[in-house]
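The chain contents come next:
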Amino acid sequence: MSLLSMVFAMLLGLLVAFPALSEKPWLRAINRIYVEVIRSIPVLVLLLWVYYGMPTLLDISLNHFWAGVIALTVAESAFMAEVFRGGIQAVTRGQHEAAESLGLNYWQKMRLVILPQAFRQILPPLGNQFVYILKMSSLVSVIGLSDLTRRANELVVNEYLPLEIYTFLVLEYLVLILLVSQAVRWLEKRIEIPSH
C-alpha cells in the first residue's frame with residue numbers, strides 16, 4: 001500500500017506542481033488552494049472520509065485497501081507538489097535557456113533537461129516522504145484493513161502480551177524504515193553527479 005501510494009502521490013504531486021511554476025496567477029492560485037487545503041486535513045480524517053464519505057457521494061463501492069491507497073495518495077500529493085516545485089525551481093535559469101535554445105518545447109525541456117536535474121535535488125525529501133507514508137499506513141487499521149498495527153492489536157486481545165507484541169511492532173517498522181533509508185542512500189550514490 002505504501003509503495004503504490006508513493007508512486008501515485010509522486011505522479012499527482014508532479015501534476016499539481018506544474019501550475020505553481022506558471023506565470024498565470026490563476027494557475028498558481030489553483031496550486032496554492034489544493035496544497036493548502038490538502039495539507040490542512042489530518043491523514044486520519046481524510047482516510048475516514050475516503051472510506052465512508054466518498055462511496056456515498058459518488059455511489060461507488062470501495063474496499064479497505066483502495067480507500068487506504070487513495071487517502072494516502074491524496075494526503076501525500078500536496079507535500080510531493082511542494083517537493084517537486086522546489087526541486088524544479090532549484091534548477092538554474094541557464095538550464096532552461098539552454099534547453100529553449102535547442103528548440104525544445106516546454107514538455108520536452110521538462111522531461112529531458114529540468115526534471116532529471118531536479119530529481120537529483122529532491123531525492124532526499126522523496127525518501128523522507130516515503131518513510132512518512134510508511135508510518136502513516138498504520139492508520140488504515142482504523143477502517144478495518146489488516147495491516148501490521150491491526151494484527152498487533154488482535155494479538156494483544158488474544159494473547160494479552162502488550163509489551164512484547166508492541167515492541168515487536170516497533171521493531172518491524174524500524175526495520176522497514178531502515179531498509180527504505182538505505183535504499184534512498186544507495187540511489188543517491190548511484191545518481192550522484194561526478195565532480196570535475
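A brief look at the structure comes next. (Residues numbered from 1 in each chain as written. Predicted model: local features only at pLDDT ≥ 70, side-chain atom pairs only at ≥ 80, totals over all residues. Heavy atoms only, no water.)

**Observations concerning the layout of surface pockets**
Step number 1: In this structure, the largest pocket occupies an estimated 250 Å³ of space.
Step number 2: When residues of the lining of the largest pocket are traced back to their parent elements, those giving at least two are helix 1 (2-20), helix 6 (106-136) and helix 8 (162-190).
Step number 3: Classifying every residue of the lining of the largest pocket gives 13 nonpolar, 1 polar and no charged. (1 Å grid on protein atoms, 1.4 Å probe; cavity = no way out; pocket = protein on both sides within 12 Å on 5 of 7 lines; lining within 4 Å. Points joined across faces, edges and corners; volume = space filled by probe spheres on them. Helix = DSSP H or I, 4+ residues; strand = E, 2+ residues; numbered from the N terminus. Nonpolar A, V, L, I, M, F, W, Y, C, P; charged D, E, K, R; others polar.)

**Some thoughts on the environment of Arg150**
Step number 1: With respect to the element layout, Arg150 can be found in helix 7 (residues 148-159).
Step number 2: For Arg150, a relative accessible area of 30% corresponds to the partly exposed category.
Step number 3: For the pair formed by Arg150 and Ser138, sequence separation is 12 residues and the distance between their alpha carbons is 8.0 Å. (Buried < 20%, exposed > 50% of the residue type's maximum accessible area, 1.4 Å probe, protein only.)

**Some details on the packing of helix 1 against helix 2 (residues 25-40)**
Step number 1: As a packed pair, helix 1 and helix 2 sit with axes 6 Å apart at the nearest point and diverge in direction by 135°. In this view, helix 1 runs oblique relative to helix 2, as classed from their interaxial angle. On helix 2, the residues that touch Leu12, Val16, Ala17, Pro19 and Ala20 of helix 1 are Leu27, Arg28, Asn31, Tyr34 and Val35.
Step number 2: Looking at the contact of helix 1 with helix 2 residue by residue, the class counts come to 8 nonpolar, 1 polar and 1 charged. (Axes fitted to C-alpha atoms, helices over the stretch in contact; angles between N-to-C directions. Parallel < 35°, antiparallel > 145°, perpendicular 65-115°, else oblique. Contact = heavy atoms within 4.5 Å.)

**A closer look at the packing of helix 1 against helix 4 (residues 64-90)**
Step number 1: Running from amino to carboxyl end, helix 1 crosses helix 4 at an angle of 45°, the nearest separation of the two axes being 6 Å. Classified by the angle between their axes, helix 1 and helix 4 sit oblique to one another. In terms of crossing hand, the pair formed by helix 1 and helix 4 is right-handed.
Step number 2: Grouping the amino acids of the contact of helix 1 with helix 4 by side-chain chemistry returns 19 nonpolar, 5 polar and 2 charged. (Left-handed = near helix turned anticlockwise from the far one by under 90°.)

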